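Coordinate analysis (summary)
What follows is each chain in one-letter form.
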Amino acid sequence: MTERTFLLSKLRNIGIMAHIDAGKTTTTERILFYSGKKHAIGNVDEGNTTTDWMAQEKERGITITSASISFDWKNHRVNLIDTPGHVDFTVEVERALRVLDGAVAVFDAAAGVEPQSETVWRQANKYNVPRIAFMNKMDKMGADFDMSVKSMIDKLGANPLILQYPIGAENEFEGVIDLLEMKSIRWIDDLGLEMKYGEIPEKFVEKVEELRDEMITQIADIDDEILEMYLDGEDIPVEKMKKVIRRGTIESKFVPVFCGSAFKNKGVQPLIDAVVDYLPSPLDMPPVKGIADGKEIERHPSPDDPFCALAFKIMSDPYVGKLTYFRVYSGKLNKGSYVYNSTRNLKERVSRLMFMFADKREDVDYVMAGDIVAGIGLRATKTGDTLSSEEEPVVLESIEFPEPVISIAIEPETRDEESKLENALTRLVDEDPTLRVSTDEESGETILSGMGELHLEIMIERLKREFKVQTRVGRPQVAYRETISVPVDSEGRYVRQSGGRGQYGHVRIRFEPLDRGKGVVFVNKIVGGVIPKEYIPAIEAGVREALSSGSLGGYPVVDIKATLYDGSYHEVDSSEMAFKIAASMAVKEGLAKGKPKLMEPIMELEITTPEEYMGDVVADLNSKRSQILGFDTRGNARVIKAFVPLGELFGFATVLRSLSQGRAIYTMKFSHYAEVPQNFADKVLNRE
């Protein structure tokens with residue numbers, strides 16, 4: 001068991017975030033190595049990194065699920081979460097940033113700010129997460145530190161504070177220059193363990209002095225004492241500057257910028273120093289706010305406050321079962337004790353508490369304010385739930401998750417595996433709130449919805465590998481509808497005589513088209529007892545049942561009014577069943593005569609895209625039978641609103657991503673049904 005030896009002020013809860021392939025996982029590996037947590041360096045290409053522990057992560061060389069690890073550095077404890085860069089797994093970044101106090105944004109120095117860097121930066125802005133930047137891959141062909149820093153200003157609206165400058169670039173990258181100490185740092189051995197401090201190379205002196213002047217000006221902007229010393233030409237002590245940089249970083253006034261090459265083992269130790277020096281401890285963050293008895297209250301990061309935590313991730317562990325990750329904001333919790341889920345109003349027992357090291361665990365007896373831990377035993381707790389003391393419950397703000405944008409139909413290969421698939425999908429949805437499972441009422445298919453094609457592909461693989469369920473996957477069917485174009489009168493007569501009591505039912509019904517969205521309306525206009533009223537419910541049931549399958553493609557009929565105005569009955573032979581059958585016969589005749597037409601679901605689409613991709617996005621929409629409703633401006637982006645048939649939108653997430661280099665996003669919701677043009681209707685109905 002691990003005993004607590006560090007103070008809250010010495011704790012750092014941070015995340016590593018970036019565009020895919022910027023080098024987050026490689027940087028994390030080096031951090032673990034230099035902190036002594038690992039004795040050998042893992043590499044993404046070799047599939048032996050600590051945080052990419054899932055089989056799919058090792059094979060694809062990408063991070064899919066955020067991994068939590070803890071390590072010590074210079075008398076500080078750091079809890080670090082390595083997050084995915086792929087847009088399909090944005091939920092992992094969202095929930096990590098919700099519970100973290102600070103973040104390291106990693107950039108590819110040859111590319112600067114990339115599309116997904118923008119997305120994660122916006123997510124960090126949303127939660128007011130202080131951050132530092134690391135310009136990685138300074139040894140890469142095309143690496144350009146100045147360009148990368150400028151892209152932070154142009155694309156992110158950030159205020160970078162340059163604290164390091166690279167000595168050379170590409171294959172001439174040798175080390176970094178520390179602008180605070182005004183010294184060069186070079187890494188002597190291949191593993192980067194030995195650092196050599198020295199003078200600044202002569203060719204960089206002028207540039208570095210200019211950058212240091214800019215750095216001090218930025219610091220002086222937020223501190224009057226440093227401003228006075230600067231104006232008086234005094235030497236400013238490094239420790240004094242560090243304190244102001246820390247304050248400015250925590251207040252998000254600027255973003256300290258560092259550089260290096262994690263893969264070449266250069267620049268990582270000063271980055272870890274920066275995490276400790278400039279990113280906040282739980283004590284530096286404002287108290288967490290929650291609701292209790294309808295009022296807003298605060299919980300402070302102290303073990304003396306009532307217990308309060310937020311569950312931010314659920315994971316199925318093959319050895320210990322369901323793991324619930326949570327961030328403790330206040331109070332203390334002992335293993336084996338009860339905790340109150342104030343979101344769901346129920347008590348649960350936490351049998352074990354653990355610090356996580358990716359997929360490995362370290363048992364602890366208790367946890368307290370500031371900790372990021374995993375618990376076993378919380379069976380009913382879901383992502384976003386608040387855990388608190390039962391005596392003083394509080395509900396914290398939950399985590400918002402984006403709606404799924406793409407769906408597939410899924411079924412087990414054999415009937416025997418149906419319940420196995422159902423259980424596996426339930427567990428996956430528990431883990432991933434952006435995954436949805438539903439049943440198409442018309443086709444009976446199980447529909448799996450997610451954030452993108454890669455997201456769903458990974459889930460199908462997980463079903464196969466982890467849950468041993470073989471599945472068949474297909475595109476979901478569009479839920480078409482049918483209606484009629486013209487009013488028609490129709491008759492249904494059902495007469496059967498086969499010895500003894502016969503069957504007799506006779507109805508006359510008028511069918512009329514209705515406005516979109518009106519559904520099916522049944523009106524009884526029988527007068528004078530032409531048909532006894534006890535048979536009317538059976539007639540209505542017959543009409544509605546028959547309208548559930550239209551004459552064109554067997555799709556449900558909508559936006560139609562059925563008026564029962566005449567008919568006849570037989571005192572002995574009439575029955576509810578006879579009238580129900582007569583009504584369905586009238587529907588069949590009426591639909592055939594009413595010039596039926598096919599209807600399709602129309603989605604209301606809102607696309608947010610940078611200006612430069614606007615033309616391509618609009619051109620693509622025009623090829624999808626869209627009706628563009630208007631354009632708007634939101635910040636430096638353009639917003640396009642349009643109605644688009646659902647049938648045109650399968651695979652749209654991937655198309656939009658490629659049209660906009662992943663920078664455009666969209667939301668859609670069902671709006672209404674509209675008539676399918678004849679040439680498309682023929683395709684749907686297989687008439688071509």
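Just above, that's the structure.
Just so it is clear, the structure is predicted and the values come from calculations on it, not from any experiment.

Looking only at helices and strands, one finds 16 helices and 37 strands in the protein chain. Per-residue burial over the protein chain gives 55% buried out of 688 residues. Across the protein chain, every contact between residues at least 6 apart in sequence was considered, and the portion connecting residues at least 24 apart equals 72%. As presented, the protein chain carries roughly 30700 Å² of accessible surface, and 48% of it is formed by carbon and sulfur atoms.

Before going further, it helps to examine helix α5 (residues 145-156). One turn of the α-helix equals 3.6 residues, which is why residues spaced by three or four share an orientation. Compared with the 16 Å implied by 1.5 Å per residue over 12 residues, the 16 Å span of α5 between its first and last C-alpha is a close match. In this structure D144 caps α5, since a side-chain oxygen of it lies 3.2 Å from the backbone nitrogen of D146. The positive-phi residue at the C-terminal boundary of α5 is G157, with phi of around 65°.

In this section: the side chain of Q218. Structurally, Q218 is set in helix α6 (residues 202-220). Here Q218 falls in the buried class, since its relative accessible area comes to 19%. Among the polar contacts made by the side chain of Q218, one reaches the side chain of N159 at a distance of 3.0 Å. For Q218, the residues in contact, after removing those within four places along its chain, are N159, P160, L161 and F254.

Let's shift gears to the sheet that holds strand β13 (residues 295-299). In spatial order, the strands read β13-β12-β24; together these 3 strands make up an open sheet with antiparallel pairing. The two strands at the open ends of the sheet, each matched to only one other strand, are β13 and β24 (395-396). Bridge count for strand β12 (residues 288-292) against β24 is 2 bridges, and the pairing is antiparallel. Considered in β24, the bridge of G290 is made with L396.

In this section: a negative patch on the surface. On the surface, E206, E209, E210, D213 and E214 cluster together into a patch of negative charge. Summarising the element assignment, D213 is placed in helix α6.

Moving on, we come to the nonpolar core. By size, the foremost hydrophobic cluster in this structure holds 102 residues, and its most contacted members are V104, F107, W121, M135, F145, M152 and M215. Once residues lying within four places of it in the same chain are set aside, the contact partners of F145 are M135, M138, I162, Q164, Y165, P166, V257, F258 and C259. Among the nonpolar cores identified, the runner-up in size contains 25 residues, and V507, I526, I531 and A586 belong to it.

Before going further, it helps to spend a moment on the packing of helix α14 (residues 614-622) against helix α15 (residues 652-659). Closest axis-to-axis distance for the α14/α15 pair is 9 Å, and the angle between their directions is 150°. Classified by the angle between their axes, α14 and α15 sit roughly antiparallel to one another. Considering how the two elements wind past one another, α14 and α15 form a crossing that is right-handed. Residues D616, V617, D620 and L621 of α14 touch α15, and the partners they reach there are F652, V655, L656 and L659. Of the residues belonging to the contact of α14 with α15, the class tally is 6 nonpolar, no polar and 2 charged.

A separate point is the environment of M229. In this fold, M229 is placed in helix α7 (residues 224-231). If we ignore the near neighbours within four places in the chain, the residues touching M229 are E234, D235, I236, P237 and K240.

Moving on, we come to unusual backbone geometry. Residues other than glycine predominantly adopt negative phi, and peptide bonds predominantly adopt the trans conformation. Of note, the phi angle at K74 is positive, near 50°, even though the residue is not glycine. The exposure class of K74 is exposed, given its relative accessible area of 55%. Within the chain, R625 stands out as a residue other than glycine whose phi angle is a positive 55°. Summarising the element assignment, R625 is placed in the loop between α14 and β35 (627-634).

Strands sit in the order β30-β31-β33-β32 across an open sheet of 4 strands; the sheet is mixed. Each having just a single partner strand, β30 (488-496) and β32 (520-524) make up the two edges of the open sheet. Across the sheet, the mean angle from the axis of one strand to that of its neighbour is 25°, orientation sign disregarded. On top of the sheet, helix α13 (residues 576-593) reaches β30, β31 (503-513) and β33 (560-568); it is set at about 145° to β30, its chief contact.

Our focus in this paragraph is the pattern of salt bridges. Tallied over the full model, the rule gives 36 salt bridges. Across the salt bridge formed by R544 and E540, the nearest N and O atoms sit 3.0 Å from each other. Of this pair, R544 and E540 both sit in helix α12 (residues 536-546), 4 residues apart, roughly one helical turn. Salt-bridge contacts for K624 lead to D620; the nearest nitrogen and oxygen are separated by 3.4 Å. Residue K624 shares its accessibility class with D620, and that shared class is buried. Salt bridges here are not isolated pairs; linked through shared partners, they connect E491, R493, R508 and D566.

Conventions and cut-offs
- Residues numbered from 1 in each chain as written.
- Predicted model: local features only at pLDDT ≥ 70, side-chain atom pairs only at ≥ 80, totals over all residues.
- Heavy atoms only, no water.
- Helix = DSSP H or I, 4+ residues; strand = E, 2+ residues; numbered from the N terminus.
- Buried < 20%, exposed > 50% of the residue type's maximum accessible area, 1.4 Å probe, protein only.
- Contact = heavy atoms within 4.5 Å.
- Areas by Shrake-Rupley, 256 points an atom, 1.4 Å probe, with all protein chains shown as cover.
- Expected span 1.5 Å × (residues − 1).
- Polar contact = N/O pair within 3.5 Å; in protein donor to acceptor, adjacent residues only side chain to side chain.
- Pairing = 2+ DSSP bridges.
- Patch = residues over 30% accessible without salt bridge, like charges linked within 9 Å, V, L, I, M, F, W, Y side chains within 5 Å.
- Salt bridge = Lys/Arg side-chain N within 4 Å of Asp/Glu carboxyl O.
- Lys, Arg positive; Asp, Glu negative; His and termini not counted.
- Charge placed at Lys NZ, Arg CZ, Asp CG, Glu CD.
- Core = buried A, V, L, I, M, F, W, Y, C linked by side-chain atoms within 4.5 Å.
- Axes fitted to C-alpha atoms, helices over the stretch in contact; angles between N-to-C directions.
- Parallel < 35°, antiparallel > 145°, perpendicular 65-115°, else oblique.
- Left-handed = near helix turned anticlockwise from the far one by under 90°.
- Nonpolar A, V, L, I, M, F, W, Y, C, P; charged D, E, K, R; others polar.

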